[in-house]
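Below, each chain spelled out in residue letters.
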Amino acid sequence: MSNETNAAQPANTASNAGVSTKAGSGPAGATLPAAGRHPAPPCTLVIFGAGGDLTKRLLMPALYNLSADGLLDSGMKIIGVNHGERETAEWRDDLKKSLQQFAADKASSFHTTQLDEKAWDWVAQRLQYMAGEFESDDTFSNLKQLIGTGAGSNVIFYLAVTSRFFKPIVERLGRAGLLKEDEGGGFRRLVIEKPFGTDLASARDLNAHILSYAKESQVYRIDHFLGKDTVQSILAVRFANAIFEPVWRREYIDHVQITAAETIGVEGRGQFYEQTGAFRDMLPNHLFQLLGMVAMEPPNSFAAEAVRDKKADIFDAIQPLHARDVVFGQYGKGPAGPGYREEPDVAADSHTETYAAARVFIENWRWAGVPFYLRTGKRLTARRTEIAVHLKTVPFRLFRDTPVDTLTPNVLTLRIDPAHGTRFDFNVKVPGPVMQIGPVQSAFDYADFFTERANVGYETLLYDCMLGDATLFQRADSIETSWAAVEDVLHPESGPLPVEGYPAGSAGPAQSDALLARDGRAWRPLAPDNVANTAARKK
Ligand code: BG6
């Protein structure tokens, strides 16, 4: 994570007329300040799972973007390992086709009207395919030969494979001596994808296994939410502005809502999802990472350990979740299509949850007593990842003799996806002779101030790993404390949690609303709401 500060020139400033500070749709004025302009050191990137979806969909587009930005060293090599013989040329062609498909897809975060051929050729020239079974020792001796020495002594092993291969690959890398860092300073790093275990015991076991072959400082555990600029920006919004920090505590904040709502279903991943479910897939990892960013104490610097220590304190302070504070749901047939049980590779009587909501408390001085409501689900009415910080309502006394019935609390919304920016809900006087209060919104959208570049979210993560910056990666202890906090939900003494149905295309199960209603609160609606809508409502 870069710690450079850059003054962005807004395309349109906040001085726009009216209550809304949302800038107009004029041309964006500034190029997005790039993270650290110097290229990463030379290294060999070994990708296990060269033929997989992750490689095509995320790693290659990210390498392409890094190449276009001149952030890769000319000495870089990329070795793709996969079972099945094939020529390097064929692999390259396949990757290029996928890249072109994603570029043409308007819904893809890699969408672009024109691919930079030079940037792709730069990557393509460095690609080398190696056939090999992940559980065969021969693969690793062949790999050792291929990596060789010299610039190749810096090596990143990227495990873009299904989680059952994590242990066998790490073990064979270790036994082959491929994880040994040489005295001359060449690094050996391991990048491990999610899911990192399925509960506390399995995560501990996996950590212990990995750490018997590599040092913690060599291990980069990915949570791709941390690769999103809008997630990294949470720290900037909180700590680079004087206005937020004084109120960022239990005295002023009523509660926080963290939402990761999706419209997609399980997208052909029925087999994986049947064993995983929404809770394991999203809660103790992606949503806890957002919780950590929004709740952590200010670190003294952006140094990896400074940031990770503060986040670790939050995970450690999470009160273990109880089954009564968690709601599970599963989508059935609805306006958005067929039910989960009709998806391929899903049991006709499946009880796997496709929706999960939880009420979480952080037991520390800043947050004690403030509920954090987390929810995530597939096939919901809208795609929305956001954090809404609800402030307490002000005393009503002043408005007692006016026609004002209620005051709407202030809400600061950090919008992560698909909208990128922030929104602030506050109250003003409605023009006219009487004191009438009107709730209004002020919104900031990244696209109005910066040129948003195609970014799949893995660029920063790959680049940081090459630089040896682990800030955005998960540490062993944090992974374990996160799993520990949800242990009672994963293995409830009173038997499996009930799974309530909800129609595909709805806002989720009724019990989820009840979870907040019993505290006198309500979820923010999932339907699209923006400044324009508010203006329209007023007409
Ligand atoms: C993945 C989950 O880790 O994150 C998916 O396995 C989910 O089920 C995805 O759809 C959401 O990520 P994003 O970046 O699309 O919000």
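Since the model is a prediction, treat every value here as computed from it, not as a measurement.

### Here we look at the side chain of threonine 354
Phase 1: For threonine 354, the location among the structural elements is in the loop between strand S9 (326-332) and strand S10 (355-360).
Phase 2: A polar side-chain atom of threonine 354 sits 3.0 Å from the main-chain amide nitrogen of tyrosine 331.
Phase 3: Reaching out from threonine 354, the side chain makes a polar contact with the side chain of tyrosine 502 at a distance of 2.9 Å.

### Examining the side chain of lysine 228
Phase 1: Turning to its location among the elements, lysine 228 is positioned in the loop between strand S7 (219-221) and helix H7 (229-239).
Phase 2: A polar contact is formed between the side chain of lysine 228 and the side chain of aspartate 417, at a distance of 2.7 Å.
Phase 3: Not counting the four nearest positions on each side in its chain, lysine 228 is found in contact with Ile416 and Asp417.

### A closer look at the packing of helix H1 (residues 53-68) against helix H11 (residues 459-467)
Phase 1: Packing of H1 against H11 brings their axes to within 9 Å, and their N-to-C directions diverge by 70°. In terms of their interaxial angle, H1 and H11 are classed as roughly perpendicular. When H1 is examined against H11, the residues Leu59, Pro61, Ala62, Leu63, Asn65 and Leu66 are found in contact with a partner set consisting of Glu459, Leu462, Tyr463 and Met466.
Phase 2: Looking at side-chain class alone, the contact of H1 with H11 contains 8 nonpolar, 1 polar and 1 charged residues.

### Considerations on the UniProt feature "binding site: substrate" (unreviewed entry) in the protein chain
Phase 1: According to UniProt, the "binding site: substrate" (unreviewed entry) feature falls on His224, Lys228, Glu262, Asp281 and Lys378.
Phase 2: Taking the relative accessible area as the measure of exposure, lysine 228 reaches 16% and is therefore buried.
Phase 3: Examined against the element boundaries, aspartate 281 turns out to sit in helix H8 (residues 270-295).
Phase 4: Residue classification places aspartate 281 among the buried residues on the basis of a relative accessible area of 4%.
Phase 5: At a separation of 2.9 Å, a polar atom in the side chain of aspartate 281 contacts the side chain of lysine 194.

### Some thoughts on the sheet that holds S10
Phase 1: With mixed pairing, 9 strands are arranged side by side in an open sheet as S15-S14-S13-S12-S8-S11-S10-S9-S17. Each edge of the sheet is formed by a strand with only one pairing partner; in this case those strands are strand S15 (437-445) and strand S17 (499-503). When strand polarity is set aside, the average angle formed by the axes of neighbouring strands in this sheet is 20°.
Phase 2: Sheet analysis places S10 next to strand S11 (residues 372-377), joined by 6 bridges and oriented antiparallel. Looking at the pairing, arginine 359 lines up with tyrosine 373 of S11.

### Re the sheet that holds S7
Phase 1: As summarised here, the arrangement of the 6 strands in space is S4-S3-S2-S5-S6-S7, forming an open sheet in which the pairing is parallel. What marks the edges here is a single partner per strand, and that holds for strand S4 (127-131) and S7. Taken pair by pair, the neighbouring strands of this sheet meet at an average axis angle of 20°, ignoring direction.
Phase 2: The sheet contact formed by strand S5 (residues 155-159) and strand S6 (residues 188-192) spans 5 bridges and is parallel. When the sheet's bridge partners are listed, valine 155 is paired in S6 with arginine 188.
Phase 3: On top of the sheet, helix H2 (residues 88-104) reaches strand S3 (77-82) and S4; it is set at about 120° to S4, its chief contact.

### Quick look at the site of the ligand
Phase 1: For the ligand, the full set of nearby residues is Lys194, His224, Phe225, Lys228, Glu262, Arg269, Asp281, His286, Lys378 and Arg383.
Phase 2: One of the side-chain N or O atoms of lysine 228 is found 2.5 Å from an oxygen atom in the ligand.
Phase 3: Take histidine 286: an N or O atom from its side chain is 2.7 Å from an oxygen atom of the ligand.
Phase 4: With the chains in place, 81% of the 400 Å² that the ligand exposes on its own is no longer accessible.
Phase 5: Residue classes in the shell around the ligand are distributed as 1 nonpolar, 2 polar and 7 charged.

### Here's the deal with the UniProt feature "active site" (unreviewed entry) in the protein chain
Phase 1: Residues annotated by UniProt as "active site" (unreviewed entry) correspond here to His286.
Phase 2: Here histidine 286 lies in helix H8.
Phase 3: Owing to a relative accessible area of 2%, histidine 286 belongs among the buried residues under this scheme.
Phase 4: When sequence neighbours within four positions are dropped, the list of residues in contact with histidine 286 reads Lys194, Asp223, His224, Phe225 and Asp281.

### Let's talk about the nonpolar core
Generally speaking, a soluble globular protein has its nonpolar side chains buried in company with each other.
Phase 1: With 147 residues, the main nonpolar core has Phe48, Met60, Leu143, Phe157 and Phe372 as its most contacted residues.
Phase 2: If we ignore the near neighbours within four places in the chain, the residues touching phenylalanine 372 are Val256, Leu291, Val294, Ala295, Ala358, Arg359, Val360, Ile362 and Trp367.

### Section: unusual backbone geometry
Phase 1: Along the chain, lysine 194 connects to proline 195 via a cis peptide bond; the corresponding omega equals 5°.
Phase 2: Each neighbour pair has its own omega, and for aspartate 417 with proline 418 the value is -10°, a cis peptide bond.
Phase 3: Within the secondary structure, proline 418 sits in the loop between strand S13 (411-417) and strand S14 (421-429).
Phase 4: Phi is positive for glutamate 267, close to 50°, though the residue is something other than glycine.
Phase 5: Examined against the element boundaries, glutamate 267 turns out to sit in the loop between strand S8 (253-261) and H8.
Phase 6: On the basis of relative accessibility, which here comes to 54%, the residue glutamate 267 falls in the exposed class.
Phase 7: One non-glycine residue, arginine 379, lies in positive phi territory at about 50°.
Phase 8: Its location among the elements puts arginine 379 in the loop between S11 and strand S12 (384-391).

Rules behind the numbers
Residues numbered from 1 in each chain as written. Predicted model: local features only at pLDDT ≥ 70, side-chain atom pairs only at ≥ 80, totals over all residues. Heavy atoms only, no water. Helix = DSSP H or I, 4+ residues; strand = E, 2+ residues; numbered from the N terminus. Polar contact = N/O pair within 3.5 Å; in protein donor to acceptor, adjacent residues only side chain to side chain. Contact = heavy atoms within 4.5 Å. Axes fitted to C-alpha atoms, helices over the stretch in contact; angles between N-to-C directions. Parallel < 35°, antiparallel > 145°, perpendicular 65-115°, else oblique. Nonpolar A, V, L, I, M, F, W, Y, C, P; charged D, E, K, R; others polar. UniProt positions renumbered as here; feature names shortened; annotations may be inferred. Buried < 20%, exposed > 50% of the residue type's maximum accessible area, 1.4 Å probe, protein only. Pairing = 2+ DSSP bridges. Near = heavy atom within 4 Å. Areas by Shrake-Rupley, 256 points an atom, 1.4 Å probe, with all protein chains shown as cover. Core = buried A, V, L, I, M, F, W, Y, C linked by side-chain atoms within 4.5 Å.

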